[in-house]
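Each chain is listed here by its residues.
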Amino acid sequence: MKIYSNPLGYLNSPLYEEMRNKQIRQCSCGRHLLFIKPNGALSPCDFDLFSAGNVRELKIEEAWSNAPVFHTFRKFDPRDLKGICATCEMKEPCGGGCRALAVIHCGDFYGENPIYPLVSAAREKLGQGTVISDKHALPGD
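Residues numbered from 1 in each chain as written. Predicted model: local features only at pLDDT ≥ 70, side-chain atom pairs only at ≥ 80, totals over all residues. Heavy atoms only, no water.

### Quick notes on the nonpolar core
And then number 1: Among the nonpolar cores identified, the biggest contains 23 residues, and Cys29, Cys45, Phe50, Ala52, Val69, Phe73 and Phe109 are the most heavily contacted of them.
And then number 2: Only α3 (68-74) and α5 (99-106) provide two or more residues apiece to this core. (Core = buried A, V, L, I, M, F, W, Y, C linked by side-chain atoms within 4.5 Å. Buried < 20%, exposed > 50% of the residue type's maximum accessible area, 1.4 Å probe, protein only. Helix = DSSP H or I, 4+ residues; strand = E, 2+ residues; numbered from the N terminus.)

### Considering the state of the cysteines
And then number 1: According to the stated counting rule, one finds zero disulfides in the structure shown.
And then number 2: Cys98 forms no disulfide, and the closest cysteine sulfur to it belongs to Cys45, at a distance of 5.2 Å. (Disulfide = S-S within 2.5 Å.)

### Quick look at the packing of aromatic side chains
And then number 1: Under the defined criterion, the tally for this structure stands at six aromatic pairs.
And then number 2: Judged by centre distance (5.0 Å) and plane angle (90 degrees), the ring pair of Phe50 and Phe73 falls under edge-to-face. Taken together, the positions of Phe50 in the loop between β2 (42-43) and α2 (60-66) and Phe73 in helix α3 put the pair 23 residues apart, joining distant regions of the chain.
And then number 3: Looking at Phe50, the relative accessible area reads 6%, which means it is buried.
And then number 4: Seen in terms of ring centroids, Trp64 and Phe70 are 5.3 Å apart; in terms of plane orientation they differ by 55 degrees. Their pairing is tilted.
And then number 5: The structure contains a cluster of three or more aromatic residues connected by ring pairs, namely Phe50, Phe73, Phe76, Phe109 and Tyr110. (Phe/Tyr/Trp six-rings, centres within 6.5 Å; stacked < 30°, edge-to-face > 60°.)

In structure tokens form, the structure reads like this:
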């Protein structure tokens, strides 16, 4: 397990460069990334929607291996995407972008991420607006 510290975001980190060089395109949260918040909270994602425990209460390895939210991210299958992404020919390599933004905007882990460039371009091409919801749901909720 590689551990990097980057409080300004991982997009300019050595890990991101490594993922880009290996052409890992789908969201890497929960599969290749684990975030430790300043309060010790563990999460697969930098957004505060997902919790996998706290380093004050359990070991990082335990959360990584056993926390249900990590299993949700690891089981993600782009073939189950909904909305515009369901019929997109790029869904396999792309994965629909950020899953947290899909939950924030559509209320569904497999929903569209309306601010993702491929989604917004497809909606614009079809003359459709943005789908937004106030529901926050993971599969099984």
